[in-house]
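Chain residues, written in single-letter form:
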There are 2 protein chains.
Amino acid sequence: MADKSSRNNKVSLSQVANAAGVSKMTASRVLRGEGGYSEKTRDLVMQQVDRLGYLPNRLATVFAGDKSSTFIGVSIPDLGNEVFAQVLEGIDHKLGSFGHQTVLGLTQHTETAEEDWIRTVLSWQPAGLILTGRFHAPRAMDMLRNAGIPIVEIWDLNSSPLDMSVGINHFDAGFDMGRYLVGCGYRNIGYVGTSHDTANAATTRLAGFVKAVTGGDGAVTKQLCLHDTAAYYPGYYGTEQLLTAAPTLDCIFYQNDAMAFGGMQYCASKGLNVPGDIGIAGWGDLPIAAVLPKRLTSMHVPHLRLGQAAAEMMMSRLSGEPVQPVRDIGFQLIPGSTVKNLGLS
Amino acid sequence: MADKSSRNNKVSLSQVANAAGVSKMTASRVLRGEGGYSEKTRDLVMQQVDRLGYLPNRLATVFAGDKSSTFIGVSIPDLGNEVFAQVLEGIDHKLGSFGHQTVLGLTQHTETAEEDWIRTVLSWQPAGLILTGRFHAPRAMDMLRNAGIPIVEIWDLNSSPLDMSVGINHFDAGFDMGRYLVGCGYRNIGYVGTSHDTANAATTRLAGFVKAVTGGDGAVTKQLCLHDTAAYYPGYYGTEQLLTAAPTLDCIFYQNDAMAFGGMQYCASKGLNVPGDIGIAGWGDLPIAAVLPKRLTSMHVPHLRLGQAAAEMMMSRLSGEPVQPVRDIGFQLIPGSTVKNLGLS
DNA sequence: TTGAAAGCGATACCAC
DNA sequence: GTGGTATCGCTTTCAA
């Protein structure tokens with residue numbers, strides 16, 4: 001109490017030093033545990049630290065030492081899509097285990113929101129940035145290049161990244177799924193997903209999918225890209241729209257498993273049998289797939305590991321270790337039983 | 001290039017000022033737009049800002065002005081539980097719209113992880129803190145009280161909060177659900193949820209539930225608290241364990257809808273009809289409930305609004321407006337059709 | 001309308 | 001082992 005100290009009421013290092021009867025420098029050394037002081041001095045200082053409840057001001061530390069902070073800016077499109085929630089969880093855990101903090105930015109799939117967030121977060125001198133996607137606004141690119149800090153672009157693998165990239169090739173992933181469905185005999189396929197102002201991984205995936213299907217004598221007859229979250233209910237009503245417009249589809253591919261599940265529920269409500277009447281393929285192998293009676297045809301992507309890998313690449317770079325800048329985390333097609341082999345005609 | 005400037009390569013305010021031929025102070029005034037300079041000067045400065053790609057160092061701003069940052073520390077138990085993902089989304093959007101940033105802390109439901117995170121995040125001089133839950137480690141409480149910044153405890157309504165609180169009374173919520181199920185005629189009820197080292201809202205809810213059921217001549221015959229995430233698969237295998245140990249249960253209450261859905265899938269796999277053979281009640285009214293064929297008996301909680309409300313209370317406090325410190329956001333029982341009225345005996 | 005000087009809380013560097 | 005002093009990039013304060 002009765003603090004004649006500075007502008008705020010926080011305990012500073014010099015107060016600790018004064019109370020302990022040593023200089024700021026000595027107190028500083030003790031707190032950093034870097035040695036160069038006697039045990040007696042250490043005890044004296046630590047005693048006052050406890051008594052006064054001293055908490056260091058890391059702003060000043062960064063500032064004085066001109067070292068970077070332990071902030072890592074992490075941009076994520078949205079958390080309604082479970083995929084990104086998992087990725088974020090992977091990132092934050094790994095970062096935390098290295099003593100770093102996540103500064104979150106939810107960009108709502110727009111480049112302008114991302115650009116604004118980048119400008120702001122850079123002003124806080126983060127140690128690095130982890131960004132979802134490989135498309136960024138031109139001015140964002142300028143800032144990122146000038147920032148001089150490690151950057152990891154995730155999810156949508158960028159083979160010529162700003163700095164580093166980890167993820168998968170979504171074109172290939174879409175292509176593989178398309179080829180698989182065509183291989184099963186499907187020819188009249190629909191797609192339900194979401195879209196936003198900015199091109200993203202789902203767009204790329206769809207392009208690969210379409211290429212494989214059309215190249216295999218099939219057709220992606222109808223594509224529906226909703227301006228919504230890639231979640232259960234959009235899958236449900238999207239399927240309703242799709243099947244109303246194109247009732248003869250033999251199969252539907254979805255942006256992710258959540259949407260696919262929503263779609264299956266719509267089909268069930270209409271008495272459509274899966275895969276008897278219509279094939280259903282999801283994407284991402286989300287947790288819900290593990291409890292469904294029929295294995296959902298999907299594609300496994302190690303979301304959590306992807307997040308962890310991104311954080312690890314970041315930490316390696318920060319500690320000066322060599323890093324492989326582009327890392328493909330891979331995916332795996334899961335045949336499942338919500339599509340069937342039609343017996344090639 | 002050829003920067004004879006300081007230790008790092010970043011453009012500083014004085015470089016801008018020099019280039020523009022004015023003093024630091026004038027440049028500072030222009031950048032803050034606080035007036036007190038001529039239009040010509042403004043143009044001169046802004047021109048150099050653009051040319052040099054100047055980004056302010058907000059660390060220095062906070063430091064010099066001894067004002068607080070625009071960081072808000074937000075602690076969340078885990079993101080595998082969709083409930084918290086929604087709350088976080090609500091918080092971050094609202095915060096962002098006020099120009100503030102989320103510094104995330106995933107605490108894994110442990111007080112020690114929370115304590116460590118609090119210590120770290122406080123050292124970065126955040127403007128405020130939003131914490132999930134009302135239980136904190138003793139030393140965390142000390143730090144929080146000394147921090148002198150606004151704190152909002154969310155989710156589990158704290159009627160005597162550290163500073164502010166928004167959420168619901170989980171005891172009441174559990175009680176209402178218990179009374180409802182007993183009212184339907186269920187007497188031999190099971191529970192599947194998760195538990196962790198720290199008491200939390202789910203624990204409180206369960207206590208209220210048990211009280212209502214036992215007070216109504218029923219019994220919560222078997223309670224299962226898994227050391228896992230409150231998600232689909234734990235709901236599935238938890239139900240298996242529960243029904244193996246207590247096959248005669250007439251109803252199961254779950255920690256949330258995701259677990260309830262997992263449980264329903266297990267029941268279906270065993271040929272059990274819901275609600276014919278067994279009643280199922282979830283909690284939280286999660287998005288998946290909207291696409292299921294039978295309305296899941298659940299309890300609606302406005303998760304997103306809860307997050308937004310927390311952010312709003314924080315912003316009001318920071319701008320000095322009066323704030324009602326304890327805000328009950330309410331819940332609503334959804335009868336659904338996964339339980340039935342047994343016809344009171 | 002503008003600028004010079006002091007200072008925020010810590011660390012780096014150099015003396016003792 | 002210990003302490004003095006300059007310094008980080010910016011704002012505050014006061015003077016011109």
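- Chain A has the name LacI family DNA-binding transcriptional regulator in an unreviewed UniProt entry, where Tateyamaria armeniaca is given as its organism.

1. As for unusual backbone geometry
Move 1: With an omega of 5 degrees, the peptide bond between A:V274 and A:P275 qualifies as cis.
Move 2: In this structure, A:P275 sits in the loop between α11 (257–269) and β9 (279–281).
Move 3: Not every positive phi belongs to a glycine, and A:W155 is a case in point at roughly 80 degrees.
Move 4: For A:W155, the location among the structural elements is in strand β4 (residues 151–156).
Move 5: Looking at A:W155, the relative accessible area reads 7%, which means it is buried.
Move 6: The backbone of B:Q108 sits at a positive phi, close to 55 degrees, despite the residue not being glycine.

2. Considerations on the domain arrangement of chain A
Residues and elements named next belong to chain A.
Move 1: Domains assigned within chain A are domain 1 (4–56), domain 2 (71–168 + 303–329) and domain 3 (170–301 + 333–344).
Move 2: When each unit is reduced to the centre of its C-alpha atoms, the spacing between domain 2 and domain 3 is 29 Å.
Move 3: Taken together, both faces of the contact between domain 2 and domain 3 bury some 1,400 Å²; the carbon and sulfur share is 59%.
Move 4: Together, H109, I168 and H303 form the three largest contributors to the area buried by domain 2 at its contact with domain 3, with a combined 35%.
Move 5: Across the domain 2-domain 3 interface, the total number found is 0 salt bridges.
Move 6: Here domain 2 and domain 3 share 6 residue pairs in polar contact (both at pLDDT 80 or more) between them.
Move 7: Elements with a minimum of two residues in the side of domain 2 that touches domain 3: α5 (82–97) and β4.

3. Describing the protein's contact with DNA strand C
Move 1: By nearness alone, 29 residues border DNA strand C, and A:L13, A:S28, A:Y54, B:R29 and B:T41 come closest of all.
Move 2: Each atom of DNA strand C within 4 Å of the protein was assigned to sugar, phosphate or base; sugar and phosphate come to 58%.
Move 3: In the model, a base nitrogen of DNA strand C is placed 3.2 Å from a nitrogen or oxygen of the A:K24 side chain.
Move 4: B:R29 has a polar side-chain atom sitting 2.5 Å from a base oxygen of DNA strand C.

4. Some details on the side chain of B:Q255
Residue and element names in this part refer to chain B.
Move 1: Note that Q255 resides in the loop between β8 (251–254) and α11 (257–269).
Move 2: In terms of polar contacts, Q255 uses its side chain to reach the backbone amide nitrogen of T194, at 2.6 Å.
Move 3: The contacts of Q255, once residues within four sequence positions are left out, are Y191, V192, G193, T194, A202, R205, A230 and W283.

Definitions and cut-offs
- Residues numbered from 1 in each chain as written.
- Chains lettered and ligands numbered in written order.
- Predicted model: local features only at pLDDT ≥ 70, side-chain atom pairs only at ≥ 80, totals over all residues.
- Heavy atoms only, no water.
- Helix = DSSP H or I, 4+ residues; strand = E, 2+ residues; numbered from the N terminus.
- Buried < 20%, exposed > 50% of the residue type's maximum accessible area, 1.4 Å probe, protein only.
- Domains from an automatic or database assignment.
- Buried area = accessible area lost by both parts, 1.4 Å probe.
- Salt bridge = Lys/Arg side-chain N within 4 Å of Asp/Glu carboxyl O.
- Polar contact = N/O pair within 3.5 Å; in protein donor to acceptor, adjacent residues only side chain to side chain.
- Near = heavy atom within 4 Å.
- Contact = heavy atoms within 4.5 Å.

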